[in-house]
Each structure stands twice: as structure tokens, then as C-alpha cells.
Amino acid sequence: MSIDRLITKIEEKKNPTVFGLDPRFEYVPEYIREEAIKQYGLTGEAIKNALVTFNKGLIDALCDIVPAVKPQSAYYEMYGLSGLSALAETISYAKEKGLYVILDGKRNDIGKTAEAYAAAYLGKTKAGDIEVNNELESDGLTVNAYLGSDGIRPFVEACKTDNKIIFVLVKTSNPSSGELQDLCVDGEPIYQKMAAMVDGWGAETIGTKGYSAVGAVVGATYPKQLTELRQLMPKSYILVPGYGAQGGGGADVAGAFDKNGLGALVNSSRGIMCAWKKGDYRPEEYQKAARDEALKMREDILRYI
């Protein structure tokens, strides 16, 4: 199963982290942007070229030490078709380099629309007799389940039929998450009720390594809840945003892991992408800066698990 493949990659690289590729144009070193504009002018093609060049450089620098990559679709969608083309090329290149690709799209809907989202990002689809080559197909997808079970079942079915995984929002890393997620219903906070649903949705998708294809998103900014939710979702892999730029550290994420040091995948996006802006790095050393930061992150987390 796909979750087994992810865990194998984590074990092989002894690294329970994922790097996010959320490239705003201004995050790209100026020399890359200038070269793209010189070649393509002030056009969408220049945006695409700069983003892809930057992303490929990061992937090349990290693919041998990090098991997975997590592009955030919003950072590509805001640049229109040029951005979506950059996303498709990034996904393809990451797969070529052996990385496990989790698309951070936080999709949600119900019925046929949820089925369409699942087909777009996780599965296969046809237009009449035409097999669609879906350039955005990924190994995993983040989803928002706050529409209820009928909004999540199509994604779970895609996990079964197309050998993929999903990560369901349970307790998100943002400061205002508690406005809804911490509200108590029948004596339990809503995030606990969501955790119980995640545990149930994944029951029929357990892989050989003991984890299901239905994971959860729980922020590093809430370490107490991370520990609590690890117990409530013993079969769900936890995707942990909030490390680095949002303030989370190795000690904060330790509670997300099981006794074997598995069960969680910790994300850093800006902290790795923009590492070249810190310290004594030159812009041309953005790959070295990203690699140094990724290694430091790995060691920080491994100290605690």
C-alpha cells in the first residue's frame, strides 16, 4: 500500500520530515528571476520558469536525505495557468527523483464534486473513451472533512482503488483553529470527534506496517494535543505542519511519534526554502542552505523520538 511505501522511504533515509514547496515569486533568488525575465520577458512563462528552476534545485539538493515533498497548490494557483504548469512539472520531477509527493490542496466537497476532486488529485479518470493524463496526480492529498462523512468517502475510496493516502485536517496549526476545533460537543472538543472519525475511516485501509491510508493533520504549535491525538488515532499517520517558521521545534513534535519513532511526518516549508536568506549564504548557495537546514531539522527531531 501507498502508506507502506511512504514509511519505507522514511525508514531508509532515517528522516521523518517532508519539505514544503510553497514558492512565492519573491522567495526565488533574484538571479534566477532575472534570468527567467531576460529569457521570457515580463510574462507568465517567466514566472513558471523561475518557480520550476528554484523547485528543481531544491529537489536536487534534498532528494537523497528527505523522503517526501509537499507542494501547496495555492502558491501555484495564484499565478494562473503558468503556476499550475509549474506545479505539474514540479510534481513530475519530484517523482522522477524518487520523492513521495503529497499535494497540500485541502480539498473538500460532497458527492460527485468530491469524487471529481479525488479523481483529479489521486486517481484516474476518462473523458468518454479518452484516458486523461492527469499531471497533478500525487501520492497523497490533504483534505478538509468538516463537511462530514459524505464529503470524505470518495477520497477514502480513491485511497483503496488507486493506492493513495489522504491527510484529514484534525487540529490545524493556525492561532484561531480553536474557534471551531476546540468547541465542546457532548463533553468532547470537536477535534477529538474528528479524530475518532479519522480512525474509523481508515479501518479498512491498514497496511502491512500497521498504519492506514487515512492520516491526520495536527499542528506542531499544539504539542499537548499532538500527544493526545497520537493515542486517539493509533493507526493514522500524522502530518505535522508548524515546524520552523511557525515556531514549532523538535520537542514540540515528539508526542506525534509512536514508540518506534514512526507515525508522524513533520513539515517545514519557508524554513527550508528561504534558508538562503539567513546567515552568511549567498543567493547562489540556496541549495546548500536548504540542505543544511533540512539536516539540522532531522537531527533536531531525532534527538527527541
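Now for a quick tour of the structure.

What counts and how
Residues numbered from 1 in each chain as written. Predicted model: local features only at pLDDT ≥ 70, side-chain atom pairs only at ≥ 80, totals over all residues. Heavy atoms only, no water. Axes fitted to C-alpha atoms, helices over the stretch in contact; angles between N-to-C directions. Helix = DSSP H or I, 4+ residues; strand = E, 2+ residues; numbered from the N terminus. Left-handed = near helix turned anticlockwise from the far one by under 90°. Contact = heavy atoms within 4.5 Å. Nonpolar A, V, L, I, M, F, W, Y, C, P; charged D, E, K, R; others polar. Core = buried A, V, L, I, M, F, W, Y, C linked by side-chain atoms within 4.5 Å. Buried < 20%, exposed > 50% of the residue type's maximum accessible area, 1.4 Å probe, protein only. Pairing = 2+ DSSP bridges. Expected span 1.5 Å × (residues − 1). Salt bridge = Lys/Arg side-chain N within 4 Å of Asp/Glu carboxyl O. Polar contact = N/O pair within 3.5 Å; in protein donor to acceptor, adjacent residues only side chain to side chain. Phe/Tyr/Trp six-rings, centres within 6.5 Å; stacked < 30°, edge-to-face > 60°. Lys NZ or Arg CZ within 6 Å of the ring centre and 35° of its normal.

The axes of two packed helices give the description: the angle between them and the distance between them. Orientation of helix α9 (residues 190–201) relative to helix α10 (residues 223–232), taken along the N-to-C sense of each, is 35°, at an axis distance of 10 Å. Crossing hand, α9 versus α10: right-handed. Contacts between α9 and α10 involve Y191, Q192, A195 and D199 on the former and, on the latter, Q225, E228, L229 and L232. Of the residues that constitute the contact of α9 with α10, the class distribution is four nonpolar, two polar and two charged.

A general tendency of soluble globular proteins is for nonpolar side chains to be buried together. By size, the foremost hydrophobic cluster in this structure holds 96 residues, and its most contacted members are I166, V168 and V170. With nine residues, helix α3 (residues 44–62) is the single largest residue contributor to this core. With residues up to four places along the chain from it excluded, the contact list for V170 reads Y146, Q181, Y191, M194, A195, V198, A216, V217, V218, L229 and M233.

Burial along strand β2 (residues 68–71) is two-sided: A68 and K70 facing one way and V69 and P71 facing the other are all buried. Of the strand pairs in this sheet, β2 and strand β3 (residues 100–107) are connected by two bridges, and their pairing is parallel. The residue bridging A68 from the neighbouring strand is Y100, located in β3.

Let us now look at helix α5 (residues 80–96). It helps to recall that an α-helix has 3.6 residues per turn; residues three or four apart then point in one direction. Here α5 contains 17 residues, and its C-alpha end-to-end distance of 25 Å stays within 8% of the 24 Å for a straight helix at 1.5 Å per residue. Residues S82, G83, A86, L87, A88, T90, I91, Y93 and A94 constitute the buried set of α5. In the core, the buried residues of α5 are packed alongside β1 (17–21), α3, β2, α4 (74–77) and β3. Of the residues flanking the end of α5, it is G98, one or two places downstream, whose phi is positive at about 85°.

One pass over the full model with this rule turns up 24 salt bridges. K112 is the salt-bridge partner of E115, the closest N and O atoms lying 3.5 Å from each other. Linking E115 with K112, this pair stays in helix α6 (residues 111–121), spanning three residues, or about one helical turn. On the accessibility criterion, K112 (67% relative accessible area) is exposed. Ionic pairing is found between E204 and K160, a salt bridge with its closest N-O pair at 2.9 Å.

Relative to the helices and strands, P23 resides in the loop between β1 and α2 (30–40). Accessibility expressed as a relative area gives 0% for P23, which makes it buried. A sequence separation of 29 residues divides P23 from V52, and the C-alpha atoms of the two residues are 9.4 Å apart. Beyond its immediate stretch of four places on either side in the chain, P23 contacts L51, F54, N55, Y75, Y76, Y79 and M273.

This brings us to the side chain of S212. By secondary structure assignment, the location of S212 is in the loop between α9 and β10 (214–218). Given the relative accessible area of 2%, S212 is considered buried. A distance of 3.1 Å separates a polar side-chain atom of S212 from the backbone oxygen of V214. If we ignore the near neighbours within four places in the chain, the residues touching S212 are I3, G202, T205, I206, K235 and S236.

Next up on the list: the packing of aromatic side chains. All chains considered together, the criterion is met by three aromatic pairs. Ring geometry for Y211 versus Y237: centroids 4.9 Å apart, planes at 70°, classification edge-to-face. With a gap of 26 residues between them, Y211 in the loop between α9 and β10 and Y237 in the loop between α10 and β11 (238–240) connect regions that are remote in the sequence. Neither Y211 nor Y237 differs from the other in exposure class; each is buried. Residue placement shows R33 over the ring face of F25; its charged tip is 5.9 Å from the ring centre. Across from the ring centre of Y93, 5.0 Å away, lies the NZ or CZ of K56, which sits over that ring.

Our next topic: the packing of α6 against helix α7 (residues 149–162). The interhelical angle for the contact between α6 and α7, taken along N-to-C directions, is 35°, at an axis separation of 8 Å. Seen along the crossing, α6 lies across α7 with a hand that is right-handed. Along the contact surface, α6 presents G111, A114, E115, Y117 and A118, while α7 presents D150, G151, P154, F155 and A158.

The next thing to look at is the pairing of strand β12 (residues 264–268). In terms of burial, β12 is largely enclosed, as five of its five residues are buried. Judged from the three bridges that link them, β1 and β12 form a sheet pairing that is parallel. Directly across from V18, in β12, lies its bridge partner N267. Pairing of β11 with β12, which is carried by three bridges, proceeds in the parallel orientation.

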